[in-house]
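# Structural description and commentary
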Amino acid sequence: MGTVVKGRRPTRAVRVGSLTVGGGAPVSVQSMTNTPTADAGATMEQVRALAAAGCEVVRISIPDEEALQAFAALRREIRLPLVADIHFDHRLAVGSLDAGADAVRINPGNIGAPWKVREIVNAAAHHGASIRVGVNAGSLERDILRTHGHPTPRALVDSALRNLDLVEGMAFFALKASVKTSDPMDTVTAYRMLSAECDYPLHLGVTEAGTPLTGSVRTAAALALLLAEGIGDTLRVSLSGDPVPEVHAGFELLRALGLRTGVRVVACPTCARAEMDVAAWAAEVEDRVRTIEMPLRVAVMGCPVNGPGEAREADAGLAGGKGHAILFVKGKVKKKVSHDEALGALMEEVEKLVREAGGN
Ligand code: SF4
């Protein structure tokens, strides 16, 4: 699989629990729960679903004391790196760190006085946790907003740098930063500036990106430009609704750029010649291969016209025929299978390829 990424920009390495972010570590994929955190059962279920989808860091909002208690219970059960998302109340950040958060994300524009930030920093240092300075266009400090008039990219970066400086002044350096806006091109401009002006690992994202289709496209447009320039160490694709598709979209983006490996499912768009329900079959194959990290190409093609050609280029593939499909493996026809047995036969071949390569 090719890549146009020129090389990653050097950043410091920061730990988030067992995961390294920055310092050349693979770009990681994160997501965030959207259940009421105080509902520990529902939140636990969502964290487990995210973990099963391959999510590498889960962020959880801690809006109040009840949520903090639920977070503490969750932490005891979950080994995946967890980040506590804190607005306004520094005591909740300290409480989350005491409860075992691997990192906290604070929005400096709304934490308040520097002594409050210092308490968070002291707790993070004590527990070996990291801090993300997460600047958001919607909640910039008032003075910065006054200076710039709007939440411009420069305003976002000024806020991030000011707060990174503040924390550095407290001799704490396990920092990441983000400067998110809902405008994809402003996001690109802001991260380019920030990347040129600091060497902390950057958490990429377009905030309030939208529903799964629009949100994925907007995020991919912005993040692909940045990642191709080597900017970005971890990312979240923010989508309205169930967070699991955020993880799928994140990995798909990184794989498309050649930054992570995995199975690329090639599926034809179908036309009048299609002899099978390619969309349903391809969706099913995508679901089943999502967490495989081995770089494989799997084709699902609707008919024998272009199908065999593409399927032959793939490591494994199906090309539809009338009432049957042709199963190809490594460029060779393996066998003719009925529609009913086609998916099972394809998956068997994929699993065999993974086993033979000693992969996951
Ligand atoms: S592979 Fe066949 S069904 Fe699919 S788009 Fe091409 S011609 Fe149409």
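The notes below deal with the structure included here. (Residues numbered from 1 in each chain as written. Predicted model: local features only at pLDDT ≥ 70, side-chain atom pairs only at ≥ 80, totals over all residues. Heavy atoms only, no water.)

### Topic: the packing of helix H6 (residues 153-168) against helix H7 (residues 184-197)
Note the following rule: Axes, fitted as lines to C-alpha atoms, cover a helix only where it is in contact. Angles between the N-to-C directions of the axes lie from 0 to 180 degrees. What counts as a helix is a DSSP run of H or I of at least four residues, what counts as a strand is a run of E of at least two, and both are numbered from the N terminus. With the far helix as reference, a near helix turned anticlockwise by less than a right angle produces a left-handed crossing, and one turned clockwise produces a right-handed crossing. Any two residues whose heavy atoms approach within 4.5 Å are treated as being in contact. Note on residue categories: nonpolar means Ala, Val, Leu, Ile, Met, Phe, Trp, Tyr, Cys or Pro, charged means Asp, Glu, Lys or Arg, and polar means any other residue, Gly included.
Interaxial distance between H6 and H7 falls to 8 Å at its minimum, and their mutual angle equals 40°. Between H6 and H7 the crossing geometry is right-handed. Packed against H6, whose contacting residues are Pro 153, Arg 154, Leu 156, Val 157, Ala 160 and Leu 161, the element H7 presents Asp 186, Thr 189, Ala 190, Met 193, Leu 194 and Glu 197 at the interface. A class-by-class count of the residues in the contact of H6 with H7 yields 8 nonpolar, 1 polar and 3 charged.

### Observations regarding the site of the ligand
Rules: One heavy atom suffices: a residue is near a molecule or strand as soon as one of its heavy atoms comes within 4 Å of it.
Near the ligand you find 10 residues, and of these Cys 268, Cys 271, Ala 274, Cys 303 and Asn 306 are the closest. Looking at side-chain class alone, the shell around the ligand contains 5 nonpolar, 4 polar and 1 charged residues.

### A short note on the environment of Lys 335
What counts here: Only protein chains enter the accessibility calculation, which uses a 1.4 Å probe; a residue whose area is less than 20% of its type maximum is buried, one above 50% is exposed, and one in between is partly exposed.
By the secondary structure assignment, Lys 335 is in strand S15 (residues 332-338). A relative accessible area of 39% places Lys 335 in the partly exposed class. The sequence separation of Lys 335 and Ile 62 amounts to 273 residues, and the corresponding C-alpha distance is 55 Å. Non-local contacts of Lys 335, meaning those with residues more than four positions away in its chain, are made with Ala 325, Ile 326 and Leu 327.

### Regarding the sheet that holds strand S7 (residues 130-136)
Put simply, the rule reads: Whether two strands pair depends on DSSP finding at least two bridges between them.
Read across the open sheet, the 8 strands follow the order S8-S7-S6-S5-S4-S3-S10-S9; overall the sheet is parallel. In this open sheet, the two strands that pair with only one neighbour each are strand S8 (175-180) and strand S9 (203-204). Where strand S3 (residues 28-32) and strand S10 (residues 234-236) come together, 3 bridges link them in parallel fashion. By the bridge assignment for S10, Ser 28 is matched with Thr 234.

### So, helix H12 (residues 339-357)
How we decide: Given a helix with a known number of residues, its expected span is that number minus one, times 1.5 Å.
Look at H12: 28 Å from first C-alpha to last across 19 residues, which is about the 27 Å you get at 1.5 Å a residue. Residues of H12 that are buried: Ala 342, Leu 343, Ala 345, Leu 346, Met 347, Glu 349, Val 350, Leu 353 and Val 354. In this fold, the buried residues of H12 make contact with helix H10 (278-289), strand S12 (296-301), strand S13 (316-321), strand S14 (324-329) and S15. Two residues or fewer past H12, Gly 358 is found with a positive phi of approximately 70°.

### Brief notes about H10
Our working rule: An arc is given here, and it is the one of the directions from the helix axis to the C-beta atoms.
Taking 1.5 Å of rise per residue, 12 residues should cover 16 Å, and H10 covers 16 Å from first to last C-alpha, within 8% of that figure. For H10, the set of buried residues is Val 278, Trp 281, Ala 282, Val 285 and Val 289. One side of H10 holds all its buried residues, which, seen down the axis, span an arc of 95°. Turned more than 90 degrees away from the buried face of H10, the exposed residues are Ala 279 and Asp 287. Tucked inside the fold, the buried residues of H10 contact strand S11 (263-267), S12, S13 and H12.

### Points about the sheet that holds S14
Taking strand neighbours across the sheet as the criterion, the 5 strands line up as S11-S12-S13-S14-S15 in an open arrangement whose pairing is mixed. Edge positions in the open sheet fall to S11 and S15, since each of these has one partner strand only. Strand-to-strand, the axes of this sheet are offset by a mean angle of 20°, without reference to chain direction. Of the pairings in the sheet, the one linking S14 to S15 comprises 6 bridges and is antiparallel in character. Bridge pairing in S15 links Ile 326 to Lys 336. Contacting S11, S12 and S13, H10 runs over the sheet at an angle of about 180° to S11.

### Some words on the side chain of His 203
As a reminder of what qualifies: Counted as a polar contact is a pair of N or O atoms within 3.5 Å, where, for protein atoms, one must be capable of donating a hydrogen and the other of accepting one, and residues adjacent in sequence contribute only when both atoms are in side chains.
Here His 203 shows up in strand S9. With relative accessibility at 0%, the residue His 203 sits in the buried group. A distance of 3.4 Å separates the side chain of His 203 from the side chain of Gln 30, its partner in a polar contact. Aside from chain neighbours lying at most four places away, what touches His 203 is Gln 30, Arg 132, Ala 177, Ser 178, Lys 180, Tyr 191, Thr 234 and Arg 236.

### What to know about the pairing of S13
Consecutive side chains of a regular strand alternate in pointing toward one face of the sheet and then the other. Counting buried positions along S13 gives 6 out of 6 residues, so the element sits mostly inside the fold. Of the two faces of S13, the one carrying Ala 316, Leu 318 and Gly 320 and the one carrying Gly 317, Ala 319 and Gly 321 are both buried. Here S12 runs beside S13; their pairing, made up of 4 bridges, is parallel. Paired with Val 300 across the strands is Leu 318, a residue of S13. Bridge count between S13 and S14: 6 bridges; the pairing is antiparallel. Looking at S14, one finds that Ala 319 is bridged to Ile 326. Hairpin connection between S13 and S14: a loop of 2 residues separates the two successive antiparallel strands, and Gly 323 in this loop has a positive phi of roughly 75°.

### Points about the nonpolar core
In plain terms, the rule: For this analysis, a nonpolar core means a set of buried residues of the types Ala, Val, Leu, Ile, Met, Phe, Trp, Tyr and Cys, connected via side-chain atoms within 4.5 Å.
By size, the foremost hydrophobic cluster in this structure holds 78 residues, and its most contacted members are Ile 62, Ile 120, Ile 131, Leu 194, Leu 204, Leu 227 and Leu 235. Examining the composition of this core, we find that 7 residues originate from one element, H6, more than from any other. Of all hydrophobic cores here, the second largest spans 34 residues; its members include Ala 319, Phe 328, Ala 345 and Leu 353.

### Focus: the packing of H7 against helix H8 (residues 212-228)
To describe two helices that pack against each other, one gives the angle between their axes and the distance between the axes. Rules: For classification purposes, an angle smaller than 35 degrees is called roughly parallel, one larger than 145 roughly antiparallel, one from 65 to 115 roughly perpendicular, and anything else oblique.
Contact pair H7 / H8: the axes reach a minimum separation of 9 Å and the direction vectors enclose 25°. Relative to H8, the element H7 is oriented roughly parallel. In the crossing of H7 with H8, the sense of the turn from one axis to the other is right-handed. Facing H7, whose interface residues are Pro 184, Met 185, Thr 187, Val 188, Tyr 191 and Arg 192, H8 presents Arg 218, Ala 221, Ala 222, Leu 225 and Leu 226. Counted by class, the contact of H7 with H8 contains 8 nonpolar, 1 polar and 2 charged residues.

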